[in-house]
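# Close look at the chain arrangement
One letter stands for each residue in the lines below.
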Amino acid sequence: MTIVNVQHTHQWLVEHGDYLYRYALARVRDTHQAEDLVQETLIAAIQNNSYAGKSAPRTWLTGILKHKIIDLMRRQVREQPLDHEEALPDEPGMDEFFADDGHWDEKPGFWSPPEDELEQKQFFVILQQCMDRLPKKLAQIFLMREVHESDNEEICKELEISTTNAWVMLYRARMGLRKCLELNWLDK
Amino acid sequence: MLSCKQASQLLSQSLDRGLLRRERIGLVFHLMLCSMCRRFGRQIEAMRKMVRRLRQQIEQDEAVRLPAEAQQRIAHVLATRHMHGK
């Protein structure tokens, strides 16, 4: 066991700061939050005060960062006021998509994923814009599931929601995102 | 027979959990007959793939670096923390 001292953390900041920053940014998609997460991770490393040396420092730090990311996502979801439509998980509010008989009212329009690198670049721009347009809470749970790859159990535990509620919210996020891509991703 | 609404919900949930046998059978049957739901299923799978690819791209982009200013600020915070203990 190594006692973490100031040289360690400074060296870690220099050697792994960029990596941790990219890792965080890829998941929270906000530069300021990503910077803060790097800082919190290194502070937690000091407070833990025990780097067991069993794994590479980068692996150890990434493990701490992962927890910090989940903490942040949980805080953000909880701080979101329940707006009217999101407060009713049993009423998915999907009526705009389906007729009374359950058939597509507004049929899913055609689009297909990008095929080459240039297209992919353009697609990513639209994809990010569309994620930003989702209601905050849905965007967070979607990020947690699809980007952070939390499983259902983790999502329900961290967000204190029921399994069914999680499925409904993920469904709504996917419906919204799919529609937004249909409208904005002009696939030739 | 599942409605499109039910089929689309199951398609979404199949990305989050294993479907029950009877749900799977119902879904396969519906998809055989419904091109709209097949399209929906393909698209939400493509979304998952692209969202993860975007994440990997940012993770591996060497040009994305912790801004120097932030690095300095963090270095300062860490030094102060060490001085004052926990």
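Anything mentioned here points back to the structure above.
A quick note: this is a predicted structure, and the numbers were derived from the prediction, not measured.

Next up on the list: the overall build of chain A. Within chain A one finds seven helices and two strands. Listed by position from the N terminus, the elements making up chain A come as β-α-α-β-α-α-α-α-α. For chain A, the proportion of contacts with a sequence separation of at least 24, taken over those separated by at least 6, is 69%.

Attention shifts here to the interface of chain A and chain B. Of the residues lining the interface, 43 residues belong to chain A; the matching set on chain B comes to 38 residues. Every element with two or more residues in the side of chain A that touches chain B is listed here: α1 (6–28), α2 (31–48), α4 (117–133), α5 (136–147) and α7 (163–184) of chain A. Looking at the side of chain A that touches chain B element by element, the count peaks at twelve residues for α1 of chain A. In the side of chain A that touches chain B, the residues fall into 25 nonpolar, eight polar and ten charged.

Our focus in this paragraph is the nonpolar core. Residues and elements named next belong to chain A. If you look at the biggest cluster of nonpolar residues, it comprises 55 residues, and the most contacted ones within it are A24, V38, I141, L170 and A173. Residue contributions to this core peak at ten residues, all from α7. Apart from the residues within four sequence positions on either side, A173 is in contact with L134, L138, A139, I141 and F142.

On to the environment of S8 of chain B. Residues and elements named next belong to chain B. Among the secondary structure elements, S8 is positioned in helix α1 (residues 4–13). Along the chain, S8 and F40 lie 32 residues apart, while their C-alpha atoms are 7.2 Å from each other. When neighbours within four sequence positions are excluded, S8 is seen to be in contact with C37 and F40.

Conventions and cut-offs
- Residues numbered from 1 in each chain as written.
- Chains lettered and ligands numbered in written order.
- Predicted model: local features only at pLDDT ≥ 70, side-chain atom pairs only at ≥ 80, totals over all residues.
- Helix = DSSP H or I, 4+ residues; strand = E, 2+ residues; numbered from the N terminus.
- Contact = placed C-beta atoms within 7 Å.
- Nonpolar A, V, L, I, M, F, W, Y, C, P; charged D, E, K, R; others polar.
- Core = buried A, V, L, I, M, F, W, Y, C linked by C-beta atoms within 7 Å.
- Buried ≥ 20, exposed ≤ 12 C-beta atoms within 10 Å, placed from the backbone.

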